[in-house]
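Coordinate inspection notes
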Amino acid sequence: METNLRRCLNTADITMLAIGHMIGSGVYVLTATVAKNMAGPAIVVAFLFSGFASFLAALCYAELGVRYPRSGSAYSYTYLALGELWAFLVGWNVSLEHVIGAAAISRACSAYIDSLTGGMIKNATDAMTGGTFHVPFLAERLDFLASES
């Protein structure tokens, strides 16, 4: 378990890194939609529940960090605690989480840029493709700005 990496992060650095990872960018993407369509005035309660869940996850990571001090990710913690099969599944779930998160952020950024242009991008896309599609489990419109090349 020896490593050539130098430990240069202090407590404040690690705390800010953990808070940034827990909050993520979903708070900037989904807050208004959830408040409007689902939670309404109970958005405060929803934030309290999610904050408590994040706090419990942080406590779990703190416990794993103390128990396995040379590790540092969900994959390596799972590998040391439960074995190779579960670590494999956790590793692929983390990869899937990052892909889905990147897709959600790119859709949100595309919507924000489209709203800044007054809907010109959406209107041009609708004119090129002929409007909306009604296919189950797919978006109604193509979003060229959010797609990866």
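Because the structure is predicted, anything quoted here is derived from the model rather than measured.

The rules behind these values
- Residues numbered from 1 in each chain as written.
- Predicted model: local features only at pLDDT ≥ 70, side-chain atom pairs only at ≥ 80, totals over all residues.
- Heavy atoms only, no water.
- Helix = DSSP H or I, 4+ residues; strand = E, 2+ residues; numbered from the N terminus.
- Rg over C-alpha atoms; globule rule 2.2 N^0.38 Å.
- Buried < 20%, exposed > 50% of the residue type's maximum accessible area, 1.4 Å probe, protein only.
- Patch = residues over 30% accessible without salt bridge, like charges linked within 9 Å, V, L, I, M, F, W, Y side chains within 5 Å.
- Areas by Shrake-Rupley, 256 points an atom, 1.4 Å probe, with all protein chains shown as cover.
- Salt bridge = Lys/Arg side-chain N within 4 Å of Asp/Glu carboxyl O.
- Axes fitted to C-alpha atoms, helices over the stretch in contact; angles between N-to-C directions.
- Parallel < 35°, antiparallel > 145°, perpendicular 65-115°, else oblique.
- Left-handed = near helix turned anticlockwise from the far one by under 90°.
- Contact = heavy atoms within 4.5 Å.
- Nonpolar A, V, L, I, M, F, W, Y, C, P; charged D, E, K, R; others polar.
- Phe/Tyr/Trp six-rings, centres within 6.5 Å; stacked < 30°, edge-to-face > 60°.
- UniProt positions renumbered as here; feature names shortened; annotations may be inferred.

For the rest of this paragraph, the subject is the overall build of the protein chain. A count of helical and extended segments in the protein chain gives six helices and zero strands. The order of α-helices and β-strands along the protein chain, N terminus first, is α-α-α-α-α-α. Taken over the C-alpha trace, the protein chain has a radius of gyration of 20 Å; the compact-globule value for 149 residues is 15 Å, which it surpasses by more than 25%. Here the protein chain holds 149 residues, and the buried ones make up 10% of them.

This next bit is on a nonpolar patch on the surface. Together, Leu82, Leu85, Trp86, Phe88, Leu89 and Trp92 line one region of the surface with nonpolar side chains, adding up to about 720 Å² of accessible area. Examined against the element boundaries, Trp92 turns out to sit in helix 5 (residues 84–116).

Another point: the packing of helix 4 (residues 74–81) against helix 5. Axes are the key here: two packed helices are described by the angle between their axes and the distance separating the axes. Two elements in contact, helix 4 and helix 5, have axes separated by 7 Å at closest approach and are oriented at 165°. Relative to helix 5, helix 4 is oriented roughly antiparallel. The two elements helix 4 and helix 5 meet at a crossing, and its hand is right-handed. Packed against helix 4, whose contacting residues are Ala74, Tyr75, Thr78 and Tyr79, the element helix 5 presents Glu84, Trp86, Ala87, Phe88, Val90, Gly91 and Val94 at the interface. When its residues are assigned to classes, the contact of helix 4 with helix 5 shows eight nonpolar, two polar and one charged.

Okay, the packing of aromatic side chains next. Here the structure, examined in full by the defined rule, presents three aromatic pairs. Ring geometry for Tyr61 versus Tyr77: centroids 6.0 Å apart, planes at 55°, classification tilted. Separated by 16 residues along the polypeptide, Tyr61 in helix 3 (residues 43–67) and Tyr77 in helix 4 bring together distant segments of the chain. Residue Tyr61 is classed as partly exposed on the basis of its relative accessible area of 46%. A residue is classified by how much of its surface remains accessible, and Tyr77, at 9% relative accessible area, is buried. Pairing Phe88 with Trp92 gives two aromatic rings, centres 6.4 Å apart and planes at 70°, and the pair type is edge-to-face.

On to the UniProt feature "transmembrane region" (unreviewed entry) in the protein chain. Under the present numbering, the feature "transmembrane region" (unreviewed entry) in UniProt falls on residues 12–30, 42–62 and 74–92. Taken end to end, residues 42–62 is 95% helix and 0% strand, and its first and last C-alpha atoms sit 30 Å apart. Across residues 74–92, helical content stands at 89% and strand content at 0%; the span's end C-alpha atoms are separated by 11 Å.

Counting across every chain of the model gives two salt bridges. Note that Glu63 and Arg67 form a salt bridge whose closest N and O atoms lie 3.4 Å from each other. Taken together, the positions of Glu63 and Arg67, both in helix 3 and four residues apart, correspond to about one turn of that helix. Glu63 sits in the partly exposed class, given a relative accessible area of 42%.

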